[in-house]
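# Residue-level structural notes
Residue strings, one per chain:
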Amino acid sequence: MASERQITSTSALARSLLDLCRSRKLMIATAESCTGGLVAAALTDIPGSSDVIDRAFVTYSNEAKREMLGVEASTLQTFGAVSKETAIQMAVGALERADVDLAVSITGIAGPGGATPGKPVGLVHFAAAARDGRITHREHRFGAIGRSTVRARSVVEALRLLIELARPQVAVKPKRAAATRLRPRVARSPRLHPAKRPRRPPRA
């Protein structure tokens, strides 16, 4: 069971995300595998979340990932369901199918079984996609800390990822070269002789 502190943290993050998205008029969709809809549940547990949350995809099987999110069969075959590539395609698929502004995806091995060589229990891949083209991926190895704890921590990480993507982008101004205070003087060739003015003819 998740601790009371984790529950409070999850609730606070969910409220912060909803307030941020509400102020910026952003809509969200989730695509979850190992968390089974816990991210959507954390958000929709808060009254008034319907003006931010559009829908949630719970795609536990590979078939569901293909049919509901458009994850390519070749991606699942080559990289597996728990991979960066699958997580990104899940997030992008949710973004496109829900026609929202932000989407987050989670795919991992909560345990106690399911580990494979190179993919231990506690390995979770996260991805988030924004309508403006930004895509973020993160990999966490929580370890064999218990199925419920892995899932609870995954919810927290997904909410944090959405908050980061929901924040307004700060335009970075290009740095200008420091202007010198003294302007360089143009070298002039010295005159060897003073210039003589032509004499005017005498008046009649």
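Just above sits the structure.
Anyway, here's the lowdown on the structure attached to this text.

Cut-offs applied
- Residues numbered from 1 in each chain as written.
- Predicted model: local features only at pLDDT ≥ 70, side-chain atom pairs only at ≥ 80, totals over all residues.
- Heavy atoms only, no water.
- Helix = DSSP H or I, 4+ residues; strand = E, 2+ residues; numbered from the N terminus.
- Buried < 20%, exposed > 50% of the residue type's maximum accessible area, 1.4 Å probe, protein only.
- Contact = heavy atoms within 4.5 Å.
- Areas by Shrake-Rupley, 256 points an atom, 1.4 Å probe, with all protein chains shown as cover.
- Salt bridge = Lys/Arg side-chain N within 4 Å of Asp/Glu carboxyl O.
- Axes fitted to C-alpha atoms, helices over the stretch in contact; angles between N-to-C directions.
- Nonpolar A, V, L, I, M, F, W, Y, C, P; charged D, E, K, R; others polar.
- Pairing = 2+ DSSP bridges.
- 1 Å grid on protein atoms, 1.4 Å probe; cavity = no way out; pocket = protein on both sides within 12 Å on 5 of 7 lines; lining within 4 Å.
- Points joined across faces, edges and corners; volume = space filled by probe spheres on them.

## Examining the overall build of the protein chain
Each helix and strand counted, the protein chain has six helices and five strands in total. Each helix and strand of the protein chain, placed in order from N terminus to C terminus, yields the pattern α-β-α-β-α-α-α-β-β-β-α. Expressed as a percentage of the 204 residues in the protein chain, the buried residues total 39%. For the protein chain, the proportion of contacts with a sequence separation of at least 24, taken over those separated by at least 6, is 64%. If you sum the accessible surface of the protein chain, you get close to 13300 Å²; carbon and sulfur atoms cover 52% of it.

## Topic: the pattern of salt bridges
In this structure the tally under the stated criterion is eight salt bridges. Residue Asp-132 is joined to Arg-134 by a salt bridge in which the shortest nitrogen-to-oxygen separation is 2.9 Å. The salt bridge partner of Glu-157 is Arg-160, with a shortest N-O separation of 3.2 Å. Within this pair, Glu-157 and its partner Arg-160 are both found in helix H6 (residues 147-166), separated by three residues, close to a single helical turn. Exposure remark for Arg-160: the relative accessible area of 39% places this residue in the partly exposed category. Each of Asp-19, Arg-22 and Asp-51 takes part in a single network of salt bridges with overlapping partners.

## Focus: the packing of helix H3 (residues 62-69) against helix H5 (residues 84-98)
Between H3 and H5, the least distance of the axes is 9 Å, while the angle of their chain directions is 35°. In this structure, H3 contributes Lys-65, Met-68 and Leu-69 to the contact, and H5 contributes Thr-86, Gln-89, Met-90, Gly-93, Ala-94 and Arg-97. Of the residues assigned to the contact of H3 with H5, the class counts are four nonpolar, three polar and two charged.

## Examining the sheet that holds strand E4 (residues 123-130)
Reading across the sheet, the five strands line up as E2-E1-E3-E4-E5 and stay open at both edges, with mixed pairing between neighbours. The sheet is open, and its two borders are formed by strand E2 (53-58) and strand E5 (135-141), each paired with just one other strand. The average angle at which neighbouring strand axes cross in this sheet is 10°, direction not considered. Lying over the sheet, H5 contacts strand E1 (28-32), E2, strand E3 (102-108), E4 and E5, oriented at roughly 35° with respect to E4.

## Details of the layout of surface pockets
Empty space within the second largest pocket amounts to approximately 240 Å³. Lining the second largest pocket we find 17 residues, and of these Val-82, Gly-108, Ile-109, Ala-110 and Gly-114 sit closest to its centre. Of all elements in the fold, only H3 and E3 reach the threshold of two or more residues within the lining of the second largest pocket. When its residues are assigned to classes, the lining of the second largest pocket shows six nonpolar, eight polar and three charged.

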